[in-house]
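Each chain, letter by letter, is given below.
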Amino acid sequence: MRTTAQWQAADAAHFLHPFTDHGALARQGARIITRADGIYLWDSDGRRILDAMSGLWCVNAGYGQRALIDAAAKQLAELPFYNAFFQTATPPAIELAELLAEVSPPQFQHVFFTGSGSEGNDTVLRMVRRYWQLLGQPQRQVVISRINAYHGSTIAGASLGGMSAMHAQGGLPIPGIVHIEQPHGWLHGRPAGLDREAFGLQAAAWLEHKIVELGADRVAAFIGEPVQGAGGVIVPPASYWPEVQRICDRHGILLVSDEVICGFGRTGRWFGCETMGARPDLMTFAKGVTSGYVPLGGVLVGERVARVLIERGGEFAHGYTYSGHPVACAVGAANIRLLRELGVVERVHADLGPYLAEQFAALAAHPLVGEAQICGLMGALQLVRDPASGAPFPAELEFGMVCRSHCFANGLVMRAVGDRMIVAPPLVITRAQIDEMVALIRRCLDLSLDDARRNRWLG
Ligand SMILES: *Cc1c(COP(=O)(O)O)cnc(C)c1O
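Residues numbered from 1 in each chain as written. Predicted model: local features only at pLDDT ≥ 70, side-chain atom pairs only at ≥ 80, totals over all residues. Heavy atoms only, no water.

### A word on the confidence of the model for the chain
Thought 1: Mean pLDDT for the chain: 96, with 99% of residues reaching 70 or above.
Thought 2: Considering each helix and strand of the chain separately, the mean pLDDT is smallest for helix α9 (residues 185-192), with a value of 66, and largest for strand β8 (residues 254-258), with 99. (pLDDT = per-residue confidence, 0-100. Helix = DSSP H or I, 4+ residues; strand = E, 2+ residues; numbered from the N terminus.)

### Quick word on the site of the ligand
Thought 1: Taken together, S116, G117, S118, N121, Y150, H151, G152, E225, D258, V260, I261 and K287 make up all the residues around the ligand.
Thought 2: Between the ligand and Y150, the relevant distance is 3.3 Å, taken from a nitrogen atom to a main-chain nitrogen or oxygen of the residue.
Thought 3: About the coverage of the ligand: the protein hides 83% of its 380 Å² of free accessible area.
Thought 4: Take the shell around the ligand: its biggest share by element is 3 residues, from helix α6 (residues 117-134).
Thought 5: Partitioned by chemical class, the residues of the shell around the ligand number 3 nonpolar, 6 polar and 3 charged. (Near = heavy atom within 4 Å. Polar contact = N/O pair within 3.5 Å; in protein donor to acceptor, adjacent residues only side chain to side chain. Areas by Shrake-Rupley, 256 points an atom, 1.4 Å probe, with all protein chains shown as cover. Nonpolar A, V, L, I, M, F, W, Y, C, P; charged D, E, K, R; others polar.)

### What to know about the side chain of H325
Thought 1: Tracing the backbone shows H325 in the loop between α13 (303-312) and α14 (326-342).
Thought 2: In this structure H325 comes out as buried when scored by relative accessible area, which is 18%.
Thought 3: Ignoring anything within four residues of it in the chain, the contact list for H325 reads P80 and F81. (Buried < 20%, exposed > 50% of the residue type's maximum accessible area, 1.4 Å probe, protein only. Contact = heavy atoms within 4.5 Å.)

### Observations regarding the side chain of E208
Thought 1: With respect to the secondary-structure elements, E208 resides in helix α10 (residues 196-214).
Thought 2: The class for E208 is buried, based on a relative accessible area of 18%.
Thought 3: Apart from residues no more than four positions distant in its own chain, E208 is found in contact with I247, R250 and H251.

### Details of the pairing of strand β3 (residues 48-51)
Thought 1: Here 3 bridges tie strand β2 (residues 40-43) to β3, and the two strands are oriented antiparallel to one another. Bridge pairing in β3 places L41 opposite I49.
Thought 2: Between the end of β2 and the start of β3, which pair antiparallel, lie 4 residues, with G46 showing a positive phi angle near 80°. (Pairing = 2+ DSSP bridges.)

### Regarding a nonpolar patch on the surface
Thought 1: A contiguous nonpolar surface patch, about 370 Å² in accessible area, is contributed by L79, F81, Y82 and Y322.
Thought 2: Relative to the assigned elements, L79 resides in the loop between α4 (66-78) and α5 (91-103). (Patch = residues over 30% accessible without salt bridge, like charges linked within 9 Å, V, L, I, M, F, W, Y side chains within 5 Å. Salt bridge = Lys/Arg side-chain N within 4 Å of Asp/Glu carboxyl O.)

### A word on the environment of R140
Thought 1: Structurally, the position occupied by R140 is in the loop between α6 and β5 (142-146).
Thought 2: With a relative accessible area of 9%, R140 lands in the buried category.
Thought 3: Note: C-alpha distance between R140 and G215 (75 residues apart in sequence) is 9.6 Å.
Thought 4: Ignoring anything within four residues of it in the chain, the contact list for R140 reads W132, A216, D217, R218, V219, A220, H251, G252 and I253.

### Details of the packing of aromatic side chains
Thought 1: All chains considered together, the criterion is met by 13 aromatic pairs.
Thought 2: Relative to F399, the ring of F393 lies with its centre 3.9 Å away and its plane at 20°, an arrangement referred to as stacked.
Thought 3: Given a relative accessible area of 0%, F399 falls into the buried group.
Thought 4: One aromatic cluster is present, formed by F264, W270, F271 and F285 through successive ring pairs.
Thought 5: The ring of Y40 is capped by R48, whose NZ or CZ atom sits 3.8 Å from the centre of that ring.
Thought 6: The ring of W132 carries R140 above its face, with NZ or CZ at 4.3 Å from the centroid. (Phe/Tyr/Trp six-rings, centres within 6.5 Å; stacked < 30°, edge-to-face > 60°. Lys NZ or Arg CZ within 6 Å of the ring centre and 35° of its normal.)

Have a look at this one:
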């Protein structure tokens, strides 16, 4: 086995990491993760780390699940690959399609498989435009999305997403994609002093304004994450999604729910749209579908769209070599069965989600915390200089990164999005492990507060 330093040197010499400043990483050296079990990781120095981010929002079933490992091994031995082009299929892809229809809302009976969430959203863009073309309305091209959304990193995914730093690199978004403001109460509601639910209706109205401005006959679809994940776990007011649904219905526009993070139990239902009260026509999924054990994504296609594609379609000229990959689908099917057997989704809804919400409500009293939000087992703590006024730290301090460094040093993975600290632990976490996680978070907040006092950052 190589030493940590040897791994780091080889890493810096050859491996270009995603979303990474390669020069800075080479100077610092990567953290090398070598194994995992349950909700814990171990690094190459043998240190145990509590993974409060489920890898990258995906290890819903936790690490080391025998059923998933065995499903992959069995399928690799039996049939490691065959494609689904040319009128063929493999049993695992058929079984997973069937299971997805079972666990998703009733309007979903069909699925298109991809290799990732980004490819899923590329598929969405092509599919909604194809749908309107088949209905004789090819001018319906525009997809409306939101600022600070994350929909992946391919050209279409990054264009649909609303991350300005991504758009700035390479002339994005592509034509036909426009963005409205996000339902981020902390940013928009607080200064205006608006009641939370009234703010939700106002944020939904931004969609209608954009539709009217463009002309409804040009708009193909609206896409959104039920809870914006990578943007900082922005939990919208309860009034937001039902109003978005009414607006889409009123104008005949397709509603797309990007469930890549919220799907498979994260919010306490199988899909986030069920928690939020929306009835989408299409749902993108990835991450939690296999608990991240192997790559897989896709689009659940509601009957409104599926019927048009199937009955009027002819060939939809789209697909991937790995659409319906048998090993990925075998793991996906085993994962859904395991989540069902363990009653994971129900437990997040009835027990673990409310329990974590209680703990976060207590953290909201910490002198660094301006807002604490929870939805199911995803949560955010907005760090501020002064909770009473909501005054933020100066951006150049990168105070979130200060807190994140304490997390790593204390054996906790928590992510910083600006000054918003976010968690999304594996859904198999226990109450005792939630206590352990929250105690670690509190210690890291205290250490960050010490830094802020010592450096006179509190003003
Ligand atoms: C991660 C993510 C994606 C992209 O998925 P990849 O598998 O990384 O391509 C898309 N949408 C949302 C909401 C995500 O969180």
